[in-house]
Amino acid sequence: MVKSEKSVWEDCLRFIKSQVQEQSYKTWFEPIKPLGLNETTITIQVPSQFFYEYLEEHYVHLLRECVQNELGPEGKLEYSVIVDSGSVQNQPYMVTLPNQNQNQNGKSWGKEVVEPEMVNPFKMPSLDKDSRYSNLNPNYYFDNYIEGDCNRLARSAGIAVAEKPGITSFNPLMIYGGVGLGKTHLVQAIGNKVSEQRKDNFVLYVSSEKFTTQFTDAIRNNSIQSFTNFYLQVDTLIIDDVQFFSGKEKTQEMFFHIFNHLHQNGKQIIMSSDRAPRDLKGLQDRLLSRFKWGLTADLQMPDFETRMAIIMRKMQSDGIYIPDDVVEYLAYSVDTNVRELEGVLISLIAHATLNKTDIDLELAKQTLKNIVHDIESEVGVDYIQKTVGEFFQISVEDLKDKTRKKEIVIARQVSMYLCKEYTNHSLKSIGYHFGGRDHSTVIHAVQSVSDMMDVDSKFSNSIDELKKKMKMKLV
Ligand SMILES: Nc1ncnc2c1ncn2[C@@H]1O[C@H](COP(=O)(O)OP(=O)(O)OP(=O)(O)O)[C@@H](O)[C@H]1O
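Computed from a predicted structure; not experimentally measured.

A. How the structure looks around the environment of N192. Within the secondary structure, N192 is located in helix 5 (residues 183-197). Take N192: there are 22 C-beta atoms within 10 Å of it, and that puts it in the buried class. Separated by 52 residues in sequence, N192 and Y140 have C-alpha atoms that sit 7.6 Å apart. For N192, the contacting residues outside a window of four places in its chain are L136, P138, Y140 and Y141.

B. Main features of the pairing of strand 8 (residues 268-273). Taken across its six residues, strand 8 has six buried, putting it largely inside the fold. Alternating residues of strand 8 divide into Q268, I270 and S272 and I269, M271 and S273, and every residue in both groups is buried. Relative to strand 8, strand 7 (residues 236-240) runs parallel, the two being bridged by four bridges. Counted as the bridge partner of T236 is Q268 from strand 8. Regarding the hand of the β-α-β motif, the stretch spanning strand 7, helix 8 (residues 249-264) and strand 8 is right-handed.

C. Broad picture of the site of the ligand. Around the ligand sit 18 residues in total, of which G182, K183, T184, H185 and V338 are the nearest. Only helix 5 and helix 12 (338-355) provide two or more residues apiece to the shell around the ligand. Split by residue class, the shell around the ligand holds seven nonpolar, seven polar and four charged. The residues that make up the shell around the ligand include at least three from each of domain 2 (121-299) and domain 3 (304-371).

Conventions we followed
- Residues numbered from 1 in each chain as written.
- Predicted model: local features only at pLDDT ≥ 70, side-chain atom pairs only at ≥ 80, totals over all residues.
- Helix = DSSP H or I, 4+ residues; strand = E, 2+ residues; numbered from the N terminus.
- Buried ≥ 20, exposed ≤ 12 C-beta atoms within 10 Å, placed from the backbone.
- Contact = placed C-beta atoms within 7 Å.
- Pairing = 2+ DSSP bridges.
- Right-handed = clockwise from strand over helix to strand, strands pointing away.
- Near = placed C-beta within 6 Å.
- Nonpolar A, V, L, I, M, F, W, Y, C, P; charged D, E, K, R; others polar.
- Domains from an automatic or database assignment.

If you want it as structure tokens, here you go:
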């Protein structure tokens, strides 16, 4: 007798229930709905992207086991993710769970389930349109790439390039910036927009690491010709993390060749790097000079308002509500990079979901305490305020208060100065920890302390003593 998706899923649930704790079962498996069954593939609906990612991260083996118990060794699972209506992705999001470990590229849109990993670019027997794959992640697009001063130039150049690939003077377009600041997101958003608007434009996203491996494999397999042919067909080439080419002479030569050919033929090249071209060591000058032909734009850490907007956008797309004071607290506290900000958010939601509690300021503080390095073991704002308070015999409350008494103002300025020296907090975040003062007050405090140290040796000795305490805490 042919089983329905409902009965297959019920059997899966029975197995899952015997393997996981009751609470996890209720949280992560009860909300799932079976949608359809097609020979060896069962489709289930999950409430959000976050939910899907959580299942994939924590229960992929269990899911595979139960699906294969039910549907045989070929058994597969497809997710349909409910996407928020605010995004451009208004169709169900289908993801295939392959039979081996989950790979990021197994994701695709709508019913057309593509498994890019199955296309081996060096064997490339046929290079017709059907064998083209882009490696683009559909989750990266412009609408969910929040604009701020930190990325305005790069973002607008990206949009211009995406609208007219190969035609603007931004060719190549080189995006650089520190870890987790959104380089991959931006370059992939460009690729997705080009693909969306020009179906016949062959867009290819590849990391420099993957390009290098493909190239060395091609040498080993005697298939350089197909490797080159493949790349020469690309219309929009996106190469991520070009700093990885550093010191790899042969790979650079190959890339130089491909770059020239594509550029001469009016094809678009987009690159990203973790540093500015002038700081890229171990790259041939001729390659570096080409990187500078078009436009180079940097990404900075988003400011407070942009971080707030990023958090809110992320919450909106996960269908999760977080109170304003928590959003504000997170945006103030995590000012290292966007990936870290997202990591804190995910932990926070996971804590709340698993413990079945609401997300509030207290939970956010607890979660952050476990993650953000600046607390307790290292010098953090709390430690500085406590140490300076004891030194000047002033309470921490006074340091945060509005009091304009001279000795308190000085102690407050010293604390701000030390926060600037010893923590990763931005000026805005430092001001926030001192009763919500703005960044110009912090700049003024830092300047006043430096000036006073120049003219008052007693004051300067006090600061040195405080600095010693900070250093002792750091070792
Ligand atoms: N302006 C932004 N708006 C929304 N999300 C962002 C923004 N900037 C970064 N992100 C998110 O932050 C995360 C890290 O970004 P991404 O992976 O693109 O960084 P990266 O600079 O390529 O990092 P790495 O140097 O490690 O390769 C991603 O999930 C991305 O979507």
